[in-house]
Amino acid sequence: MTVLRTEEFLAMESLKGTTRGEDVYDSVSAVMERHKLPWRALANVTTDGSPNLTGRNVGLLKRIQDRVKEDNPEQEDPETAPQELQLELIDLQCDTVLKEKFNSLKLDEFYASLSTDKFPNIRKMEQRMLVLFGSTYV
């Protein structure tokens, strides 16, 4: 089996003035909106480790985590989701125990708690999404 991997450079933005986590997030968010990309399409974020990027409360990564969490599977319309996710989303949205877990657990813990047998496609998609919080260059 041959695997074809491509990488594309989306944008380079110049930041004028301050470079707080909020400023960098606003720039990244503008690019995502301008290109009409869903946040879950973001595969990786790498930073230099500076506090404005990695700060626990207001850094870029925290803001991205919060934004990604807003795009939670409870709000996803199964009819507009990729076909391989539709049945899994319906099952997920109908399960009150999983809804409670989603609201009480950290995002990575919630997705790790999903059954690999029952939600293989959601787990695969979310693993790709969560990778973006594991490394340090935007």
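**Student:** What is the right way to read helix α3 (residues 60–70) from this model?
**Tutor:** In an α-helix, one full turn covers 3.6 residues, which means residues spaced three or four apart are oriented alike. Turning to α3, its buried residues number three or more, namely Leu 60, Leu 61, Ile 64 and Val 68. For α3, the angular spread of buried residues about the axis comes to 90 degrees, placing them on one side.

**Student:** Just to check I follow, could you spell out the nonpolar core for this structure?
**Tutor:** As a rule of thumb, nonpolar side chains are buried together in soluble globular proteins. Counting residues in each nonpolar core, the largest one holds 24 residues, and the members touching the most others are Leu 60, Leu 114 and Ile 122. Counting residues per element, the ones that place at least two in this core are α1 (21–34), α3, α4 (83–94), α5 (96–104), α6 (107–113) and α7 (120–130). Residues in contact with Ile 122, not counting those within four places in the same chain, are Leu 85, Glu 88, Leu 89, Leu 92, Tyr 111 and Leu 114.

**Student:** Would you mind going over the pattern of salt bridges with me for this structure?
**Tutor:** Any two side chains of opposite charge can pair if their charged atoms end up close together. Here the structure, examined in full by the defined rule, presents three salt bridges. The salt bridge involving Arg 20 is made with Asp 23; its shortest N-O contact spans 3.0 Å. Judged by relative accessible area, Arg 20 falls into the partly exposed class, the value being 44%. Residue Asp 23 is classed as buried on the basis of its relative accessible area, which comes to 16%. Ionic contacts of the salt-bridge type, sharing partners, join the residues Arg 20, Glu 22 and Asp 23 into one network.

**Student:** How should unusual backbone geometry be read in this particular structure?
**Tutor:** With the exception of glycine, the majority of residues adopt a negative phi angle, and the majority of peptide bonds are in the trans configuration. Notably, Lys 36 is not glycine yet its phi reads approximately 55 degrees, a positive angle. Following the sequence through the fold, Lys 36 ends up in the loop between α1 and α2 (51–54). According to the relative accessible area criterion, Lys 36 is exposed, its value standing at 72%.

Thresholds, definitions, all that
- Residues numbered from 1 in each chain as written.
- Predicted model: local features only at pLDDT ≥ 70, side-chain atom pairs only at ≥ 80, totals over all residues.
- Heavy atoms only, no water.
- Buried < 20%, exposed > 50% of the residue type's maximum accessible area, 1.4 Å probe, protein only.
- Helix = DSSP H or I, 4+ residues; strand = E, 2+ residues; numbered from the N terminus.
- Arc of directions from axis to C-beta.
- Core = buried A, V, L, I, M, F, W, Y, C linked by side-chain atoms within 4.5 Å.
- Contact = heavy atoms within 4.5 Å.
- Salt bridge = Lys/Arg side-chain N within 4 Å of Asp/Glu carboxyl O.

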